[in-house]
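Remarks on the overall topology
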Amino acid sequence: MRRAVCPGSFDPITNGHLDIIARASRLYDEVYVAVMINKSKKGLFDVDERIELIREVASAYANVRVEAFHGLLVDFCKQREIPAIVKGLRAVSDFDYELQMAQMNNGLTGVETLFVPTNPTYSFLSSSLVKEVAAWGGDVSHLVPAPVLQALNQRLAKG
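Described in the following lines is the structure provided in the data block. (Residues numbered from 1 in each chain as written. Predicted model: local features only at pLDDT ≥ 70, side-chain atom pairs only at ≥ 80, totals over all residues. Heavy atoms only, no water.)

Okay, the side chain of T118 next. Of note, T118 is situated in the loop between β5 (112–117) and α5 (127–135). Within the local environment of T118, its side chain forms a polar contact with the backbone oxygen of L89, the two atoms lying 2.9 Å apart. Ignoring anything within four residues of it in the chain, the contact list for T118 reads R23, G88, L89, R90 and S123. (Helix = DSSP H or I, 4+ residues; strand = E, 2+ residues; numbered from the N terminus. Polar contact = N/O pair within 3.5 Å; in protein donor to acceptor, adjacent residues only side chain to side chain. Contact = heavy atoms within 4.5 Å.)

Okay, structure coming up:
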């Protein structure tokens, strides 16, 4: 069985993230979406909410599993016998950082990282930008799946 992982914080998941997950699901038998737990960062959505949103918007992909992880991604991979990490690259600045991570991960356990160029439609997109634009009342409906938009609007309305 060919397995891969798409890691991230996904706070919230965007159409760009979903595009990478969908593309990975066509290349691998099993794709894990690993939702990073970072106790030092306060996210807009807690980890359980992010997992639920991802499961909902990725439900069309039967081979996608969503789990939380804390610690080193390579340990997550080792525990599940995942030999490959799939990462989307938006720009050269992403490559600089992700190449260092890929080389470290490979050096630690031999896990490979595959870089997937982001669909040009989403090349500027990040969860941080989505949250900022939405917080100021901007329209992000074309940047996130409908269930995420609804959750985002509800969360921001609470203030």
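Here the focus is the sheet that holds strand β2 (residues 30–36). Strand order across the open sheet formed by five strands is β3-β2-β1-β4-β5, with parallel pairing between neighbours. The sheet is open, and its two edges are formed by β3 (64–69) and β5, each paired on a single side. Across the sheet, the axes of successive neighbouring strands diverge by a mean angle of 30°, strand direction being ignored. Two strands pair when backbone bridges link them, and strand β1 (residues 3–8) and β2 are joined in this way by six bridges, in the parallel orientation. For V5, the partnering residue across the bridge sits in β2 and is Y32. Docked against the sheet, helix α2 (residues 47–57) engages β2 and β3, running at close to 150° with respect to β2. (Pairing = 2+ DSSP bridges. Axes fitted to C-alpha atoms, helices over the stretch in contact; angles between N-to-C directions.)

This part takes up α5. Along α5, the residues that are buried comprise S127, V130 and A134. Buried residues along α5 cover an arc of 60° about the axis, so they all sit on one side. Residues of α5 that are exposed and point more than 90 degrees away from the buried face comprise S128 and A135. In this structure, the buried residues of α5 make contact with α1 (15–27) and α6 (146–158). (Buried < 20%, exposed > 50% of the residue type's maximum accessible area, 1.4 Å probe, protein only. Arc of directions from axis to C-beta.)

Quick look at the pattern of salt bridges now. Evaluation of the coordinates by the stated rule reveals ten salt bridges. Taking the shortest distance from any N to any O, the salt bridge between E30 and R3 comes out at 2.6 Å. On the criterion of sequence distance, the pair formed by E30 in strand β2 and R3 in strand β1 is long-range, its members being 27 residues apart. As far as burial versus exposure is concerned, E30 and R3 are alike and both buried. Between E49 and R155 there is a salt bridge, and its shortest N-O distance comes to 2.5 Å. Of this pair, E49 sits in helix α2 while R155 sits in helix α6; the two residues are 106 residues apart in sequence, bridging distant segments of the chain. Classification of E49 by relative accessible area gives partly exposed; the value is 26%. Members of the salt-bridge network, linked through shared partners, are R3, E30 and R65. (Salt bridge = Lys/Arg side-chain N within 4 Å of Asp/Glu carboxyl O.)

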